[in-house]
Amino acid sequence: MTKGSRVLTGRHFLQGNEALAEGALAAGCSFASGYPITPATEITHALARRLPQVGGIYLQMEDELGAISSAIGASWTGKKAMVATSGPGISLMLENIGFALGVETPLVVVNVQRGGPTTGIPAIELQGDMVQPKFGSHGEYEIVATAPASPQEMFDMTTRAFNLAEQFRTPVFVLADALVGHMREEVVIPQEQDILRVE
């Protein structure tokens, strides 16, 4: 990473959740909020550390309702915004996700899934929330979602999610899971000028 750059370019050995945070920064994310929840906590830790370095803001809220509400508000001010949680947090956010869909708010919602139901079992990996984005809120809507299967895809699909959110003016989900979120492998981050950003 060069001085003043927001992108950690080059080859790195990263956890999937860390790669996702770097993908968000590479896409131009300048606001993130959340409430710590396993197995997504590393995303909030990475963004809390890295966003202030590039002039962005990370807010740890009192709960998931505050997290999604603040991310929606930040998007309305022109920030590229995201929120990261797990299945139980998504359950609490669904009403506001439906609201964001209705008012065409670009936003990235990350769900690092774990075993459920309700509070879940943080030590059990599961892809049990695949239907939540499509049918979890009220009204008829179409949702855009990506589903990364490796730390490299955590980076790539997060940058894509931000671009899709801007292009279609809608919340976009990144549906990861505990296995890919905690997996470590080489992640190649391109030069900043080679990363596509939809403004």
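In this text, all values refer to a predicted model and were calculated from it rather than measured experimentally. (Residues numbered from 1 in each chain as written. Predicted model: local features only at pLDDT ≥ 70, side-chain atom pairs only at ≥ 80, totals over all residues. Heavy atoms only, no water.)

> I'd like a rundown of the overall build of the chain, residues and numbers included.
Scanning the chain from N- to C-terminus turns up seven helices and eight strands. Taking 199 residues into account, the globule formula puts the C-alpha radius of gyration at 16 Å, and the chain, at 15 Å, falls close to it. The principal-axis extents of the C-alpha atoms in the chain amount to approximately 45 × 35 × 30 Å. Looking at the 199 residues of the chain, the share that counts as buried comes to 55%. When contacts within the chain are restricted to residue pairs at least 6 apart in sequence, long-range pairs at least 24 apart make up 80% of them. (Helix = DSSP H or I, 4+ residues; strand = E, 2+ residues; numbered from the N terminus. Rg over C-alpha atoms; globule rule 2.2 N^0.38 Å. Buried < 20%, exposed > 50% of the residue type's maximum accessible area, 1.4 Å probe, protein only. Contact = heavy atoms within 4.5 Å.)

> Residues and numbers for the sheet that holds strand 3 (residues 57-60), please.
Pairing in this open sheet of six strands is parallel, and the strands run 3-2-4-5-7-6 from one edge to the other. On the outer flanks of this sheet lie strand 3 and strand 6 (144-146), each paired with one strand and no other. The average undirected angle you get between the axes of adjacent strands in this sheet is 20 degrees. The sheet contact formed by strand 2 (residues 31-34) and strand 3 spans four bridges and is parallel. Looking across to strand 3, one finds that Gly34 is bridged to Gln60. Sheet strands in contact with helix 4 (residues 87-102) are strand 4 (81-85), strand 5 (107-113) and strand 7 (171-177), and its direction is about 165 degrees off that of strand 7. (Pairing = 2+ DSSP bridges. Axes fitted to C-alpha atoms, helices over the stretch in contact; angles between N-to-C directions.)

> Lay out the pattern of salt bridges in plain terms, naming residues and giving numbers.
In total, this model carries seven salt bridges according to the counting rule given. Between Arg11 and Glu186 there is a salt bridge, with its nearest N and O atoms 3.2 Å apart. With Arg11 in strand 1 (residues 10-15) and Glu186 in strand 8 (residues 184-189), this pair connects stretches of sequence that are 175 residues apart. According to the relative accessible area criterion, Glu186 is partly exposed, its value standing at 44%. As a salt-bridge pair, Glu166 and Arg169 come within 3.1 Å of each other at their nearest N and O atoms. (Salt bridge = Lys/Arg side-chain N within 4 Å of Asp/Glu carboxyl O.)

> Tell me about helix 3 (residues 64-76), and name the residues and values.
Helix length check: helix 3 (13 residues) gives 19 Å between terminal C-alpha atoms against 18 Å at 1.5 Å per residue, within 8%. Residues of helix 3 that are buried: Glu64, Gly66, Ala67, Ile68, Ser70, Ala71, Ile72, Ala74 and Ser75. Where helix 3 begins, one side-chain oxygen reaches toward the backbone nitrogen of Leu65, 3.2 Å away; that side chain belongs to Asp63. (Expected span 1.5 Å × (residues − 1). Polar contact = N/O pair within 3.5 Å; in protein donor to acceptor, adjacent residues only side chain to side chain.)

> Can you lay out the nonpolar core for me, pointing to particular residues and giving the numbers?
Core analysis: the largest hydrophobic core is formed by 36 residues, its most contacted members being Ile43, Leu47, Met82 and Val110. Of all the secondary structure elements, the ones that give two or more residues to this core are helix 1 (16-27), helix 2 (41-50), strand 4, strand 5, helix 6 (151-168), strand 7 and strand 8. The greatest single-element share of this core, amounting to seven residues, is contributed by helix 1. One finds Ile68, Ala71, Leu101 and Val109 within the second-largest nonpolar core, a separate group that totals 21 residues. (Core = buried A, V, L, I, M, F, W, Y, C linked by side-chain atoms within 4.5 Å.)

> Got a sec to walk through the environment of Gly78? Specific residues and values, please.
Along the chain, Gly78 falls in the loop between helix 3 and strand 4. Taking the C-alpha atoms as reference points, Gly78 and Gly128, separated by 50 residues in sequence, lie 33 Å from one another.

> Account for the environment of Cys29, naming residues and giving values.
In this fold, Cys29 is placed in the loop between helix 1 and strand 2. Judged by relative accessible area, Cys29 falls into the buried class, the value being 0%. Each C-alpha atom, one on Cys29 and one on Phe173, is 15 Å from the other, the two residues being 144 residues apart in sequence. Excluding anything up to four places from it in sequence, Cys29 contacts Arg6, Ala24, Leu51, Lys80, Met82 and Phe162.

> I'd love a proper account of the packing of helix 1 against helix 6, names of residues and values included.
Where helix 1 meets helix 6, the closest approach of the two axes is 7 Å, and the angle between their N-to-C directions is 30 degrees. The angle between the axes of helix 1 and helix 6 places the two elements in the roughly parallel class. Judged by the sense of rotation from one axis to the other, the crossing of helix 1 with helix 6 is right-handed. Listed contacts from helix 6 to Gly16, Asn17, Ala19, Leu20, Glu22, Gly23, Ala24, Ala26 and Ala27 of helix 1 are Pro151, Met154, Phe155, Thr158, Thr159 and Phe162. Its residues assigned to classes, the contact of helix 1 with helix 6 comprises nine nonpolar, five polar and one charged. (Parallel < 35°, antiparallel > 145°, perpendicular 65-115°, else oblique. Left-handed = near helix turned anticlockwise from the far one by under 90°. Nonpolar A, V, L, I, M, F, W, Y, C, P; charged D, E, K, R; others polar.)

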